[in-house]
Amino acid sequence: MTSMDRNERPAFRRRFGLHFGLIVVCAIVLLPPLWVLRTSFVPEQLSYSNELMPAFTTDNYSALLSGRFGQSYLNSLIVALGSVLLALPFAATTGYAFARFRTGGRWARFAVLATQMLPPVALVLPTFTLFRSLELSNSLTGLIIVYAALNLPFLTWILMGFFEGIPVDLEWAAMTDGATAWGAFWRIVLPVSMPGIAAAGVLGFILAWNEFLFALVLSGPKTATIPVALAALQTSNGVQIAKVSAGVVLAILPLVVASRFIQRFIVQGLTFGSVK
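Quick caveat: nothing in here was measured; it's all calculated off a predicted structure. (Residues numbered from 1 in each chain as written. Predicted model: local features only at pLDDT ≥ 70, side-chain atom pairs only at ≥ 80, totals over all residues. Heavy atoms only, no water.)

For the rest of this paragraph, the subject is the domain arrangement of the protein. Many analyses report the size of an interface as the accessible area lost when the parts associate. Each domain of the protein was delimited in the assignment, giving domain 1 (3–40) and domain 2 (62–275). Centre-to-centre, using C-alpha coordinates, domain 1 lies 36 Å away from domain 2. Each side of the interface is counted separately: domain 1 has four residues, and domain 2 has six residues. Overall, the association of domain 1 and domain 2 removes approximately 370 Å² of surface from exposure, summing both partners, and the carbon and sulfur fraction of that is 82%. For the interface between domain 1 and domain 2, the tally reads zero salt bridges. Inspection of the region where domain 1 meets domain 2 yields zero residue pairs in polar contact (both at pLDDT 80 or more). Per-class residue counts for the side of domain 1 that touches domain 2 are two nonpolar, two polar and no charged. (Domains from an automatic or database assignment. Contact = heavy atoms within 4.5 Å. Buried area = accessible area lost by both parts, 1.4 Å probe. Salt bridge = Lys/Arg side-chain N within 4 Å of Asp/Glu carboxyl O. Polar contact = N/O pair within 3.5 Å; in protein donor to acceptor, adjacent residues only side chain to side chain. Nonpolar A, V, L, I, M, F, W, Y, C, P; charged D, E, K, R; others polar.)

What follows is the structure, given as C-alpha cells:
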C-alpha cells in the first residue's frame, strides 16, 4: 500500500460521512411534504394507511375545487397581489428616503421596524372594530389594506438595503445632466433596483398568502382565503386529512413558483450594485 492510498482513505471517509449526513438531512426534510403529496392522491378512508400507495384517486382535488375552496384560492390571489401592489410604492419611497436622506435618523428606522414586533393578536380586535365601522369587514378590500399595512415595514427595510447598495454616483450623474431628484429616482434608481423590488414583492406575496389570523377575523364565507379554507376542513367528524393534503399541495404551488423567482432576483439585487 502506497503512502498516497493511505492519505486518500481519510479523505474518502470524510466525503462519505458528509454525503451520508446530507442524504439523511434531505430525507428528513423531504419526507413530510412527499407524504402529504402521497396522501392527497389517496382515498379518504385509506389516508391513514401505512402503505406507500394503497390506492390512487383525484377525487380529493375534484371535491375541493368544486366547492368553496376554488373561490378561496382566487380570494388569496387577489388579496396577496393587491396588498403587494398597494404596499410597494410606499415601501420604495420610504426606503429610498431612509437610504439616501437619512430621514428621521435611526429612531425613525427603528420605529418602522418596531411595528413588526407587535403581536398580531394585539392588533386584530382593534382592526376588526375599526373596519366594521367603516364597512370594510368581510371584504377583500379590507384584507388588502390590512396586509399592505402589515407588510409595509418589512418591505421598507428590504428595499432600504437594496437602495443603499446602489452607487449614489449614478444619481449625481443624472442630476448633473439636468434631472431632478425625483427624476433621478424614477429614471435611474427604480430601473436599477428592479431585482430588489421584485424580491420584496415576492416576499410580501408569501407573507400575505400565508396569513391566517386577520383573514379568520375579517373575512366571511365568500371572502375566506386559503388558510381559513384549510382550517374549515376540520369538522365534527374529525379532520378530512386527504382533502387537507390536497389543499396544502394546491396552496404551496404558488409559493414554489415564487421561491424560484425570489432566488434569482435576490442574487441579482445583491450583485448588481457591485457590478456597477
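It is worth spelling out the pattern of salt bridges at this point. Throughout the structure, instances matching the rule amount to one salt bridge. For the salt bridge of E171 with R100, the shortest nitrogen-to-oxygen distance reads 2.6 Å. Of this pair, E171 sits in helix α7 (residues 169–176) while R100 sits in helix α3 (residues 69–101); the two residues are 71 residues apart in sequence, bridging distant segments of the chain. Pair check on accessibility: E171 and R100 agree, each one buried. (Helix = DSSP H or I, 4+ residues; strand = E, 2+ residues; numbered from the N terminus. Buried < 20%, exposed > 50% of the residue type's maximum accessible area, 1.4 Å probe, protein only.)

All right, on to the packing of aromatic side chains then. The description of an aromatic ring pair rests on the distance of the ring centres and on the angle between the ring planes. Considering all chains together, one arrives at 11 aromatic pairs under this definition. Aromatic pair F41 and F56: ring centres 5.2 Å apart, planes at 10°, arrangement stacked. Placement of the pair is F41 in the loop between α1 (3–40) and α2 (59–66) and F56 in the loop between α1 and α2, with a sequence separation of 15 residues. Each member of the aromatic cluster is reached from another via a ring pair, and the members are Y96, F101, F163, W182, F185 and W186. Sitting over the face of the ring of W35, R38 holds its NZ or CZ atom 4.2 Å from the ring centroid. (Phe/Tyr/Trp six-rings, centres within 6.5 Å; stacked < 30°, edge-to-face > 60°. Lys NZ or Arg CZ within 6 Å of the ring centre and 35° of its normal.)

What follows is about the layout of surface pockets. If you add up the space inside the largest pocket, you get close to 280 Å³. Considering the residues around the largest pocket, the lining is formed by 14 residues, among which Q116, P120, L150, N151 and E211 are closest to the centre. Looking at the lining of the largest pocket, the elements that each hand over two or more residues are α5 (120–133), α6 (140–164), α9 (194–210) and α10 (213–218). At four residues, α6 tops the list of elements feeding residues into the lining of the largest pocket. The class makeup of the residues in the lining of the largest pocket is 10 nonpolar, three polar and one charged. As a volume, the second largest pocket reaches approximately 220 Å³. Along the wall of the second largest pocket there are 13 residues; nearest its centre are R68, F69, S72, A229 and A232. Those elements that provide at least two residues to the lining of the second largest pocket are α2, α3 and α11 (226–231). The residue inventory of the lining of the second largest pocket, partitioned by class, reads nine nonpolar, three polar and one charged. (1 Å grid on protein atoms, 1.4 Å probe; cavity = no way out; pocket = protein on both sides within 12 Å on 5 of 7 lines; lining within 4 Å. Points joined across faces, edges and corners; volume = space filled by probe spheres on them.)

Here we come to the packing of helix α8 (residues 181–192) against α9. Helix-helix packing is described using two parameters, namely the angle between the two axes and the distance between the axes. Where α8 contacts α9, the two axes come as close as 4 Å, and the packing angle between them is 65°. Across the interface between the two elements, L190, P191 and V192 from α8 touch M194, P195 and I197 from α9. Grouping the constituent residues of the contact of α8 with α9 by class yields six nonpolar, no polar and no charged. (Axes fitted to C-alpha atoms, helices over the stretch in contact; angles between N-to-C directions.)

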